[in-house]
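# Summary of the model geometry
Here is how the chains run, residue by residue.
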Amino acid sequence: MYQRLRDYITARVPTDDHTLDAICAHFTPLKTKRNQLLLQYGETCQQYYFVNKGCIRLFTLNKDGVETSRFFAFEGGFGTALPSFIEHTPATEYMQTIEKSELLQISRTDFYHLVDTVPAFGFIYRQILELGFITAQKRIYGFQGFDALEKVQWVIQYQPDFLLRVSNKMAASYLGLTPSTLSRIKARL
């Protein structure tokens, strides 16, 4: 259950087995159902998740009930409602697993304990933040000038499995398109 996490860490920073064991000891396994909510709007996020199998989605819901997907974490990635987790404030989004998933969860307290006391984990956290920032910037700035086809091409280039794993409705909301527009573009590719 912990091998994917161990591989994730050692691929990014040289880490001995003792340190890996210490890090993994702070994570607990969690199996979820399809569409299981991990965090409700307004709750304060207390957990960070590593995805062994499945997918986590972060999304907002407007007053008309329309969902907008903001982030997806697939196998071998981390996911949480980062603003709520960092600031320890109520979340302005929902977090759910969109497939039956196998996660490793770590509490906010344990997470920051590792960041502060285990240099390898602090390095991993910095990489998570940097990668998240870069991906968000590419998506935001790229999407501002992209037409619908270019948005789909962008996601195929940077997240190749995305359209195969996520429903058209969720993918369209992530790309800022209607589901019918996304279907037409996918049919042309």
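The rules behind each value
Residues numbered from 1 in each chain as written. Predicted model: local features only at pLDDT ≥ 70, side-chain atom pairs only at ≥ 80, totals over all residues. Heavy atoms only, no water. Phe/Tyr/Trp six-rings, centres within 6.5 Å; stacked < 30°, edge-to-face > 60°. Helix = DSSP H or I, 4+ residues; strand = E, 2+ residues; numbered from the N terminus. Buried < 20%, exposed > 50% of the residue type's maximum accessible area, 1.4 Å probe, protein only. Lys NZ or Arg CZ within 6 Å of the ring centre and 35° of its normal. UniProt positions renumbered as here; feature names shortened; annotations may be inferred. Pairing = 2+ DSSP bridges.

### Considerations on the packing of aromatic side chains
Within the structure shown, the criterion is met by 20 aromatic pairs. When the ring of Y48 is compared with that of F111, the centres are 4.6 Å apart and the planes differ by 10°; the resulting orientation is stacked. Of the two residues, Y48 sits in strand β3 (residues 47-53) while F111 sits in helix α4 (residues 108-117), which places them 63 residues apart along the sequence. Exposure class is identical for Y48 and F111. Each is buried. Taken together, the ring pairs connect Y8, F27, Y48, F50, F78, F85, F111, Y112, F121 and Y125 into an aromatic cluster. Geometry around Y8 places R12 over its ring, the cationic atom sitting 3.6 Å from the centre.

### What to know about the UniProt feature "domain: Cyclic nucleotide-binding" (unreviewed entry) in the protein chain
Under the local residue numbering, the UniProt record ascribes the feature "domain: Cyclic nucleotide-binding" (unreviewed entry) to residues 35-115. In residues 35-115, the share of helix is 17% and the share of strand is 46%. The end C-alpha atoms are 30 Å apart.

### Examining the pairing of strand β7 (residues 94-97)
On a regular strand, one side chain projects to one face of the sheet and the next to the other, so that they alternate. Of the two faces of β7, the one holding Y94 and Q96 and the one holding M95 and T97 are both buried throughout. Inspection of the sheet shows strand β2 (residues 36-39) paired to β7 by 3 bridges, in the antiparallel sense. Within the sheet, the bridge partner assigned to Q36 lies in β7 and is T97. One ladder, built from 4 bridges, connects strand β4 (residues 56-61) with β7; its direction is antiparallel. Of the residues in β7, the one forming a bridge with R57 is Q96.

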